[in-house]
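# Fold and contact review
Here is how the chains run, residue by residue.
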Amino acid sequence: MVILKTGLWEIKAKIHDLLFKIPPFKNVKNDEKDIFIDLYSNVKEIINGKIVDIGCGTGEFAKLFPEKNSIFGIDITAKMLTKSANKMPNASFIRADAQHLPLKDSSLDFVSMIGLTEYFKDQSKPLLEVKRVLKKQGRSIISFSKPSILHLPRRFWNIKFYTKNKAEINELFELSGLKVIKKKDGYMQTQVLCEKTL
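How each quantity is defined
- Residues numbered from 1 in each chain as written.
- Predicted model: local features only at pLDDT ≥ 70, side-chain atom pairs only at ≥ 80, totals over all residues.
- Heavy atoms only, no water.
- Salt bridge = Lys/Arg side-chain N within 4 Å of Asp/Glu carboxyl O.
- Helix = DSSP H or I, 4+ residues; strand = E, 2+ residues; numbered from the N terminus.
- Buried < 20%, exposed > 50% of the residue type's maximum accessible area, 1.4 Å probe, protein only.
- Phe/Tyr/Trp six-rings, centres within 6.5 Å; stacked < 30°, edge-to-face > 60°.

Right, let's talk about the pattern of salt bridges for a bit. By the definition in use, this model includes 11 salt bridges. The residue glutamate 129 makes a salt bridge to arginine 132 at a minimum N-O spacing of 2.7 Å. With glutamate 129 and arginine 132 both in helix H4 (residues 124-133), this residue pair falls 3 residues apart, about one helical turn. Looking at glutamate 129, the relative accessible area reads 11%, which means it is buried. Here arginine 139 ties to glutamate 195 by a salt bridge, and the two come within 3.6 Å at their closest N and O atoms. Remark: glutamate 195 occurs in strand S7 (residues 189-196) and arginine 139 occurs in strand S5 (residues 134-145); sequence separation between them is 56 residues. Each member of the pair, arginine 139 together with glutamate 195, is buried. Each of Lys33, Glu60, Lys63 and Lys87 takes part in one network of salt bridges that share partners.

Time to look at the packing of aromatic side chains. Aromatic ring pairs are reported here in terms of the distance separating the ring centres and the angle at which the planes meet. Tallying each qualifying case throughout the model produces 7 aromatic pairs. Seen in terms of ring centroids, tyrosine 40 and phenylalanine 65 are 5.3 Å apart; in terms of plane orientation they differ by 70 degrees. Their pairing is edge-to-face. Residue tyrosine 40 is found in helix H2 (residues 25-41), and its partner phenylalanine 65 is found in the loop between strand S1 (50-54) and strand S2 (70-75); the two are separated by 25 residues along the sequence. For tyrosine 40, a relative accessible area of 6% gives the class buried. Ring pairing ties together the aromatic residues Phe36, Tyr40, Phe61, Phe65 and Phe110, which thus form one cluster.

Purely spatial values, then, with no claim about function.
What follows is the structure, given as C-alpha cells:
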C-alpha cells in the first residue's frame, strides 16, 4: 500500500528546495548528492540511452544526468513535477506511482530512486518495478533510509517512513534479483548501485 499523502507533498513542494538550503538539511542533501555522484561515476560512461529518476521530487538528482541521454522524471506529486520541469525543460516528466510504472519491460538503461523507498512499507514492490523496467545489464542507484535523529522533521510532518539496516537491505536485493555492485553510507541513507543480470 502506498503511504504517501499526496496532498501533504503538494504543500511540501512549495518549500522543498528552500528547506534544503538551511543547515542541517543542506548538509544532508549535499551528502546524498555526493554519494550519488560517486556511485554514478562508476557507470556513467556506459549509460547511453534512457534514464529515469523515480520519485524525482523537484529534480535535484535528475539534473545531474548528462543531457546526451533521454531523461525522464517520475513522481506522484504534480507540483514537484512542475518544479522539475522548470529546472529541466529538455526532460520529460510523468505523474505515476513507483509501484505501477507506466513503462515497458526492459526499456531503460538506468534508473535512480533516491529518497523514496522509505515511504513504502513493502519496499520490495518498487525494487521489483525497477528490475522490470531495466534492460539486461541496466544499472540503478537506490537509496534506503537508516535510523537517524535527523528524521525528526518527518515526524513533525506526520509522515510515516520505514528505515532499513544493512541485513534488511541485503535481503531486499536477494528477493528482487538485482545484483549489488557497490554500497555507500551517508548521514541518513545507504545508497546502492546495482545491476539487472537476468
